[in-house]
Amino acid sequence: GAGVSQTPSNKVTEKGKYVELRCDPISGHTALYWYRQSLGQGPEFLIYFQGTGAADDSGLPNDRFFAVRPEGSVSTLKIQRTERGDSAVYLCASSSRGGTEAFFGQGTRLTVV
Amino acid sequence: AQSVTQLDSQVPVFEEAPVELRCNYSSSVSVYLFWYVQYPNQGLQLLLKYLSGSTLVKGINGFEAEFNKSQTSFHLRKPSVHISDTAEYFCAVTANNDMRFGAGTRLTVKP
């Protein structure tokens, strides 16, 4: 497709379980971002990739959160030992090198019960 | 890293009234500035952006914003709002390809 694709669109998991959220950026986009949006809040920066490497991971809240982008395209956000406070919409965006606009996916709504 | 402050968390206005949503940013390097809109249960949609040049930028749905470098502001305006403008509005700043968002302003347009 032409846009940023995130799967799954919804994920319900039990507290303590491991989850993976996937992001397919726009083809050719070198920059990829993950954000977390809690109810009534703005998107909170988690991590930013330029190519395969994490250019800035200062937004990851703790060591339960990890993200990879091994081939510089698809990215996976991994959350270990999920907690109820991790419930949020996880947004992914991508932009081209030198691009001026980030394009967002529809997000993955994660609910930890 | 750069940061964004949206000064109003909620703005209620009557239909056909003018509105201004305020945004201030901080950054040690030059930035690009954006406004996004999010309708209920929908994704983020770009309203407008400032990259360079004219400080007054026009976007979709009749919105415009003015970049003020000395005041580090990028306020969003619309001269006459509609019920359909009810949504959450986010200001964002990008520096070196790194984008950060404000907490959002909920605009509620009342009949």
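Below: a short report on this structure. Predicted model, so just to flag it, every value in this text is computed and none were measured. (Residues numbered from 1 in each chain as written. Chains lettered and ligands numbered in written order. Predicted model: local features only at pLDDT ≥ 70, side-chain atom pairs only at ≥ 80, totals over all residues. Heavy atoms only, no water.)

On to the side chain of His-75 of chain B. All names here are of chain B. Take His-75: it is sitting in strand E9 (residues 73–78). When its relative accessible area of 13% is taken as the criterion, His-75 is described as buried. A polar contact of 3.0 Å, which involves the side chain of His-75, links it to the backbone nitrogen of Cys-23. Among all residues touching His-75, those that are not within four sequence positions of it are Glu-20, Leu-21, Arg-22, Cys-23, Asn-24, Trp-35, Glu-64, Ala-65 and Glu-66. (Helix = DSSP H or I, 4+ residues; strand = E, 2+ residues; numbered from the N terminus. Buried < 20%, exposed > 50% of the residue type's maximum accessible area, 1.4 Å probe, protein only. Polar contact = N/O pair within 3.5 Å; in protein donor to acceptor, adjacent residues only side chain to side chain. Contact = heavy atoms within 4.5 Å.)

To continue, consider the sheet that holds strand E8 (residues 75–79) of chain A. Residues and elements named next belong to chain A. Ordered by their spatial adjacency, four strands build an open sheet running E1-E3-E8-E7, and the pairing between neighbours is antiparallel. The sheet is open, and its two borders are formed by strand E1 (5–7) and strand E7 (65–68), each paired with just one other strand. Adjacent strand axes in the sheet meet at a mean angle of 15° when their direction is disregarded. Summarising the sheet, E7 and E8 pair through four bridges and their orientation is antiparallel. Directly across from Val-68, in E8, lies its bridge partner Thr-76. (Pairing = 2+ DSSP bridges. Axes fitted to C-alpha atoms, helices over the stretch in contact; angles between N-to-C directions.)

By a frequent convention, interface size equals the accessible area lost on bringing the separate parts together. Residue-level contacts link 20 residues of chain B with 25 residues of chain A. Across the chain B/chain A interface, buried area totals approximately 1600 Å², and carbon plus sulfur atoms make up 49% of it. Inspection of the region where chain B meets chain A yields two salt bridges. Residue Asp-56 of chain A pairs with Arg-100 of chain B through a salt bridge whose shortest N-O separation is 2.8 Å. In this structure, the connection of chain B to chain A is made through six residue pairs in polar contact (both at pLDDT 80 or more). Broken down by secondary-structure element, the contributors of at least two residues to the side of chain B that touches chain A are strand E5 (32–38), strand E6 (44–50) and strand E11 (98–101) of chain B. Split by residue class, the side of chain B that touches chain A holds 10 nonpolar, seven polar and three charged. (Buried area = accessible area lost by both parts, 1.4 Å probe. Salt bridge = Lys/Arg side-chain N within 4 Å of Asp/Glu carboxyl O. Nonpolar A, V, L, I, M, F, W, Y, C, P; charged D, E, K, R; others polar.)

Counting 29 residues, the largest nonpolar core has Leu-33, Trp-35, Leu-47, Leu-48, Phe-74, Leu-76 and Tyr-89 of chain B as the members making the most contacts within it. In terms of residue count, the dominant contributor to this core is strand E10 (residues 87–95) of chain B (five residues). Formed by 20 residues, the second largest nonpolar core is a distinct cluster that contains Val-4, Val-19, Leu-21 and Phe-49 of chain A. (Core = buried A, V, L, I, M, F, W, Y, C linked by side-chain atoms within 4.5 Å.)

A separate point is the pattern of salt bridges. Opposite charge on two side chains lets them pair, provided their charged atoms get close. All names here are of chain A. Under the defined criterion, the tally for this structure stands at 12 salt bridges over all chains. Note that Asp-86 is salt-bridged to Arg-64, the shortest N-O span being 2.8 Å. Taken together, the positions of Asp-86 in the loop between E8 and strand E9 (88–95) and Arg-64 in the loop between strand E6 (53–56) and E7 put the pair 22 residues apart, joining distant regions of the chain. One connected set of salt bridges, linked through shared partners, spans Arg-64, Glu-83 and Asp-86.

The next thing to look at is the pairing of strand E1 (residues 3–6) of chain B. Residue and element names in this part refer to chain B. By the alternation rule, side chains of E1 split into Val-4 and Gln-6, which are all buried, and Ser-3 and Thr-5, of which none is buried. Bridge count for E1 against strand E4 (residues 23–26) is four bridges, and the pairing is antiparallel. Opposite Ser-3, over in E4, you have Ser-26 as the bridge partner.

So, on to the packing of aromatic side chains. In the structure shown here, the tally under the stated rule is 12 aromatic pairs over all chains. Ring geometry for Tyr-35 of chain A versus Phe-45 of chain A: centroids 6.1 Å apart, planes at 70°, classification edge-to-face. On the criterion of sequence distance, the pair formed by Tyr-35 of chain A in strand E4 (residues 31–37) and Phe-45 of chain A in strand E5 (residues 44–50) is long-range, its members being 10 residues apart. We note that Tyr-35 of chain A, like Phe-45 of chain A, is buried. Taking 5.7 Å as the distance between ring centres and 50° as the angle between the ring planes, the aromatic pair formed by Tyr-36 of chain B and Phe-101 of chain B counts as tilted. With Tyr-36 of chain B in strand E5 and Phe-101 of chain B in strand E11, the pair connects residues that are 65 residues apart, well separated along the chain. Here the aromatic cluster, defined as three or more aromatic residues joined through ring pairs, consists of Tyr-33, Tyr-35, Phe-45, Tyr-48 and Phe-104 of chain A together with Phe-34, Tyr-36 and Phe-101 of chain B. Taking the ring centre of Phe-45 of chain A as reference, the NZ or CZ of Arg-100 of chain B above it sits at 3.8 Å. (Phe/Tyr/Trp six-rings, centres within 6.5 Å; stacked < 30°, edge-to-face > 60°. Lys NZ or Arg CZ within 6 Å of the ring centre and 35° of its normal.)

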